[in-house]
Amino acid sequence: PPSMSDAYSKLKVAQLKAKLKERAQSGAGEKEDLVRRLQLCDAGDKHALPDGRNPTTLKAAEFRKALASRGLPCDLSINTRDELMQSLIDALKTEGGGTSAEAGSSAGGGGGGEDADELATRLALQVLELGEAGNPEGVLSLLGAAITRATPFAAQRKAYLSLARIIHPDKLPKLGQATKAFQHLVRAFEVLTAPEAPPQAAKAAARAHTAISRSNDGCFKTHLFCPRCKSQWGSADSGVMDFDYNFMMQGLKVYCCALCLCDFGCMTAEHRCPLCRKPFEYHPRDYHRQVTCGNARCSGTFGFWLYHVPARVEDDLRQEARKEQERQAKQREAAAARVARAARKGTGGASEAERRAQGEKLFVAGLLDACPRCGFEPPPGVSREELAEHLGCCTDKKAHAAHAAAVAAAGERRAKKAEARDAQAEAQNLAVWQFLGGDDSQAWLLTDTQVKKQCEERGLATDGTKEEMLARMASHASGRKMLTDGEAGRAAAGGGGGGGGGGKIS
């Protein structure tokens, strides 16, 4: 009860530790942690285990077993014991029908229960819609926090469990599609948390391309930095070889930061001029050129160092890159098919007013960490009544405007990062295709954007589908091959030189 919570808050740290010692609980942590721990003990008295024991008295092994048997997270290395204990007590409340006040409210048929059912139904339908559209990130982001494949696992699991508690089929007996919606939720969690399968090693094939060579006069091994933690890439302790600089700068590979584990490539990394040490914009097309950094007080030109790459390493990279491009091409085709199916169904998203109302209900239910109006983050252990009271008193328009501006700014930052990642993916797609030989027979590996650019460079029409543009490229290549076929064709072409992807890059 609130009176007991206030009583605990007025006690001194030594008194709190003494009470915790009486209850065989840990006295570690700040005063807020001690107060919360005593509140959990009181809640455990009211919502005991089936054998009558207070859940706060469980030993570590028993505690994990009790959590796992209820489908709750049980890893003490990710969540604290207090956080997991709160989850267990919440589950025990559900099993026992809640406290007397909650049970009375439910039995009385008040509007709160109906609102919760409506909210759960709406969320289940949104999960179903996003799941059928092949959008696992959208599914786990329904509670407000943006969840992606790069999101820490603890945050991914938190979003999954919060949604699972709301839309579980047992809680939505009147919704015929509840089971299907829950399956989409499980699938979304599995997709975002599944590790990427490492490519299998393949035997090196005979090299079919002329080795690229050029002078390193005026060239430097420029410094690259992680876009997230700003640590330097390619340092002696990072575990990369010298020739990895070639692969990075040509856009052939992305690398993982050794410090913050962020994946980035040459388009998303921060580059610094070797002359003035200031940042500059870089594109893989610059790798074999002498460039300027574009800063006002730096007028010098410089190039980028080209390291020798062993033949075996280059062959392995070529096969690995081909497999990765084939996998990504199939993923793009599958994603496009899912989007087309969703478009045919004509499903529409919720309006801004509906999303705002849903966010407020989620906040009152304790499923959002911050108030959707002003951004206030309540301390742990706050009751639903206190959250509803805050929402009722949250009328400060200045605070609302400031929070809305902060949310908009965060959205713009996410959009810029997404744009940079898309540019990195497009550049890598083209670089790998050229690295594999740039043959039109492999043009299906290219993205729609790159196929369109190839058509523009050849003076071909760019309308229609990707398949139609590929057909134009194949027809154009076939006509060009007949023109240059045979001795007469080679003579007409001026003695050959530099066809396909095997010519010297200058």
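Residues numbered from 1 in each chain as written. Predicted model: local features only at pLDDT ≥ 70, side-chain atom pairs only at ≥ 80, totals over all residues. Heavy atoms only, no water.

J.: Is there a simple way to explain the packing of aromatic side chains in this structure?
T.: In this description, an aromatic ring pair is defined by two values, namely the gap between the centres and the angle between the planes. Enumeration over the complete set of coordinates arrives at 10 aromatic pairs. Aromatic pair tyrosine 282 and phenylalanine 304: ring centres 5.1 Å apart, planes at 70°, arrangement edge-to-face. Pair noted here: tyrosine 282 is in the loop between strand 7 (279-280) and strand 8 (303-304) and phenylalanine 304 is in strand 8, with a separation of 22 residues, a long-range link. The same class applies to tyrosine 282 and to phenylalanine 304, which are both buried. Connected via pairs of aromatic rings, a cluster forms that spans Tyr245, Tyr287, Trp305 and Tyr307. Seen from the ring of phenylalanine 63, arginine 81 lies directly overhead, with NZ or CZ sitting 4.6 Å from the centre. We note arginine 272 situated over the ring of phenylalanine 225; from NZ or CZ to the ring centre the distance is 3.9 Å. (Phe/Tyr/Trp six-rings, centres within 6.5 Å; stacked < 30°, edge-to-face > 60°. Helix = DSSP H or I, 4+ residues; strand = E, 2+ residues; numbered from the N terminus. Buried < 20%, exposed > 50% of the residue type's maximum accessible area, 1.4 Å probe, protein only. Lys NZ or Arg CZ within 6 Å of the ring centre and 35° of its normal.)

J.: Please clarify how unusual backbone geometry should be interpreted in this entry.
T.: Trans peptide bonds make up the majority, and among non-glycine residues the majority have a negative phi. Residues other than glycine seldom take positive phi values, yet alanine 24 does so here, at roughly 60°. One can find alanine 24 in the loop between helix 2 (13-22) and helix 3 (31-46). Phi is positive for leucine 261, close to 65°, though the residue is something other than glycine. Relative to the elements of secondary structure, leucine 261 occurs in the loop between strand 4 (255-256) and strand 5 (263-264). For leucine 261, a relative accessible area of 61% puts it in the exposed group.

J.: When you look at the pattern of salt bridges in this model, what are you seeing that I'm missing?
T.: Between side chains of opposite charge, a pair can form when the charged atoms approach closely. Inspection of the entire model under this criterion finds 17 salt bridges. Note that lysine 230 and glutamate 270 form a salt bridge whose closest N and O atoms lie 3.2 Å from each other. One end of the pair, lysine 230, is in the loop between strand 2 (223-225) and strand 3 (232-233); the other, glutamate 270, is in strand 6 (residues 270-272), with 40 residues separating them in the sequence. On the accessibility criterion, lysine 230 (43% relative accessible area) is partly exposed. (Salt bridge = Lys/Arg side-chain N within 4 Å of Asp/Glu carboxyl O.)

J.: Please clarify how helix 16 (residues 448-457) should be interpreted in this entry.
T.: The periodicity of an α-helix, 3.6 residues per turn, causes residues three or four places apart in sequence to face the same way. Three or more residues of helix 16 are buried, namely Gln450, Val451, Gln454 and Cys455. Down the axis of helix 16, the sector holding all buried residues measures 145°, keeping them to one side. Glycine 459 lies just past helix 16 and shows a positive phi near 75°. (Arc of directions from axis to C-beta.)

J.: What should I look at first to understand a positive patch on the surface in this one?
T.: A cluster of basic side chains, namely Arg228, Arg413, Arg414, Lys417 and Arg421, defines a positive patch on the protein surface. With respect to the helices and strands, the residue arginine 413 is situated in helix 15 (residues 397-435). (Patch = residues over 30% accessible without salt bridge, like charges linked within 9 Å, V, L, I, M, F, W, Y side chains within 5 Å. Areas by Shrake-Rupley, 256 points an atom, 1.4 Å probe, with all protein chains shown as cover. Lys, Arg positive; Asp, Glu negative; His and termini not counted. Charge placed at Lys NZ, Arg CZ, Asp CG, Glu CD.)

J.: Explain the environment of isoleucine 167 here, please?
T.: Checked against the element boundaries, isoleucine 167 lands in helix 9 (residues 153-167). Considering only alpha carbons, one finds isoleucine 167 and alanine 124, 43 residues apart in sequence, at a separation of 5.6 Å.

Geometry only, nothing functional implied.
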